[in-house]
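# Coordinates in review
Here is how the chains run, residue by residue.
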Amino acid sequence: MTKQLRYITSAFLTLLLVHSCQEEIALDESNQISFTTSVQDQTSISRATIFENQNDILDDAADGKGGGNLTMHAYVSNTGAERFVSRAWYFNNNGWRFFDDISNKFYNHYWPNYSMDFFAYMPWHGSGKQNMITVGTHTPSIDENPGGLNITCNIPEQINLEDTEGQETIIAYTPNKHKETVNLYFVHPFAAVSFELKQAHRNLTINRIRFNNVYLTGTTTLNATTDNNTKISWTVPDDTRPSTFTIQVGKTIPTDINFGAKIGGPYLVMPQSFGKGTILSNDDITITINYTWDDDGNNIFEADDTKDLVSSITVKGVDKWESGKKYNYVLDLGDNKEEILFKVEVEPWQVTGGNNNIFDVE
């Protein structure tokens with residue numbers, strides 16, 4: 001079923017100058033940098049990993065999904081130097097304000113006499129929550145070199161079924177702006193996978209699900225304004241080897257999971273291609289289901305009752321994970337005990353229509 005999106009607009013965020021600098025112009029309110037926020041609405045997804053709706057992006061509660069705060073970086077366009085890094089806080093439903101942790105005060109920023117490049121992400125860097133990106137170097141555009149901001153992706157090797165400690169990191173970038181509206185548009189830099197059970201043997205316990213030969217870290221360079229058509233592609237360093245991504249399940253059928261029910265997800269994965277010889281993979285990505293089942297029905301669990309089912313995940317033309325798409329693996333663990341049977345349902349993380357502006361900076 002098509003998921004509907006709604007877009008949220010919050011109040012303007014006014015930003016106070018942090019550093020004294022000769023290039024700063026007079027503190028004229030009309031020259032303040034300000035922005036508004038919006039986010040995609042995925043109301044049918046309930047895990048902690050995904051920003052879903054207005055409450056998620058505005059709620060700064062400790063048990064929330066990392067919303068209510070964001071980190072913004074501003075860079076000098078023609079030198080690449082960092083101008084400021086600021087935390088913004090959605091304070092008491094009164095709109096976004098930049099906030100200084102040390103002085104415990106709100107403040108504003110004003111436009112300098114040169115162009116700037118802007119980058120923002122959520123959850124903010126001091127949240128204590130899992131962030132899956134690291135901000136790297138920023139270089140200016142010179143001649144044929146477009147420059148841009150380098151960021152690194154870091155996916156954990158193992159998570160539990162609920163993944164309650166982590167959430168998606170969303171990012172936005174726009175370069176070369178000066179005293180004009182800056183539309184910072186958050187995009188999904190990752191793909192998301194989830195699992196659904198078609199059928200399985202009664203009293204079969206799924207211990208864990210593992211993707212083999214996957215890359216969990218890579219780099220990308222942002223050098224153009226993010227928008228509805230942005231696809232984040234990741235490059236793996238030459239000395240990086242494939243790894244495994246394990247989801248601990250520990251659920252029994254039908255006591256904990258019934259037919260047609262979600263097993264878990266969504267879980268964030270780094271976009272990449274499958275199959276030996278592809279750009280990001282030396283070997284085909286496979287999925288392993290580790291399960292325990294008393295197949296002879298004697299109610300005595302023996303060592304050989306715990307097994308691994310392994311299968312390639314390249315099926316029906318789905319030979320890669322793309323940023324901004326969700327992949328639901330529907331598993332059939334029924335009569336055939338030696339093979340995983342499954343289909344893959346693919347849907348975009350966002351649909352056309354409306355706008356997805358996260359910030360307007362003026």
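To keep things clear, this report deals only with the structure shown in the data block. These numbers were taken from a predicted model, which means no experiment stands behind them.

Across all of its chains, the model carries 3 salt bridges by this definition. A salt bridge links D101 to R87, with the nearest nitrogen and oxygen atoms 2.5 Å apart. One end of the pair, D101, is in the loop between strand 5 (96-100) and strand 6 (105-107); the other, R87, is in strand 4 (residues 82-90), with 14 residues separating them in the sequence. The exposure class assigned to R87 is buried, which follows from its relative accessible area of 13%. Of the charged contacts in the structure, one is a salt bridge between K325 and E322, with a shortest N-O distance of 2.9 Å.

Let's shift gears to the pairing of strand 9 (residues 148-154). Sheet analysis places strand 8 (residues 133-139) next to strand 9, joined by 5 bridges and oriented antiparallel. If you follow T139 over to strand 9, its bridge partner there is G148.

With respect to topology, 5 strands assemble into an open sheet ordered 10-16-14-19-20, the strand pairing being mixed. This sheet does not close on itself; its edge strands, each paired only once, are strand 10 (158-160) and strand 20 (306-312). Direction aside, the axes of adjacent strands within the sheet are offset by 20° on average. Bridging between strand 14 (residues 205-214) and strand 19 (residues 286-292) involves 7 bridges; their strand directions are antiparallel. Bridge assignment links R210 to a residue of strand 19, and that residue is T288.

One pass over the full model with this rule turns up 14 aromatic pairs. Relative to F99, the ring of W89 lies with its centre 5.0 Å away and its plane at 75°, an arrangement referred to as edge-to-face. Of this pair, W89 sits in strand 4 while F99 sits in strand 5, and the two are 10 residues apart along the sequence. The pair formed by W89 and F99 is uniform in burial state, with each residue classed as buried. Relative to Y267, the ring of F195 has its centre 6.4 Å away and its plane inclined at 40°; by these criteria the two rings are tilted. Pair noted here: F195 is in strand 13 (residues 191-200) and Y267 is in strand 17 (residues 262-269), with a separation of 72 residues, a long-range link. Since its relative accessible area comes to 1%, F195 is described here as buried. Members of the aromatic cluster, connected to one another through ring pairs, are F195, F211, Y267, F274, W321 and Y329. Sitting over the face of the ring of W124, R87 holds its NZ or CZ atom 4.1 Å from the ring centroid.

Parameters and conventions
- Residues numbered from 1 in each chain as written.
- Predicted model: local features only at pLDDT ≥ 70, side-chain atom pairs only at ≥ 80, totals over all residues.
- Heavy atoms only, no water.
- Salt bridge = Lys/Arg side-chain N within 4 Å of Asp/Glu carboxyl O.
- Helix = DSSP H or I, 4+ residues; strand = E, 2+ residues; numbered from the N terminus.
- Buried < 20%, exposed > 50% of the residue type's maximum accessible area, 1.4 Å probe, protein only.
- Pairing = 2+ DSSP bridges.
- Axes fitted to C-alpha atoms, helices over the stretch in contact; angles between N-to-C directions.
- Phe/Tyr/Trp six-rings, centres within 6.5 Å; stacked < 30°, edge-to-face > 60°.
- Lys NZ or Arg CZ within 6 Å of the ring centre and 35° of its normal.

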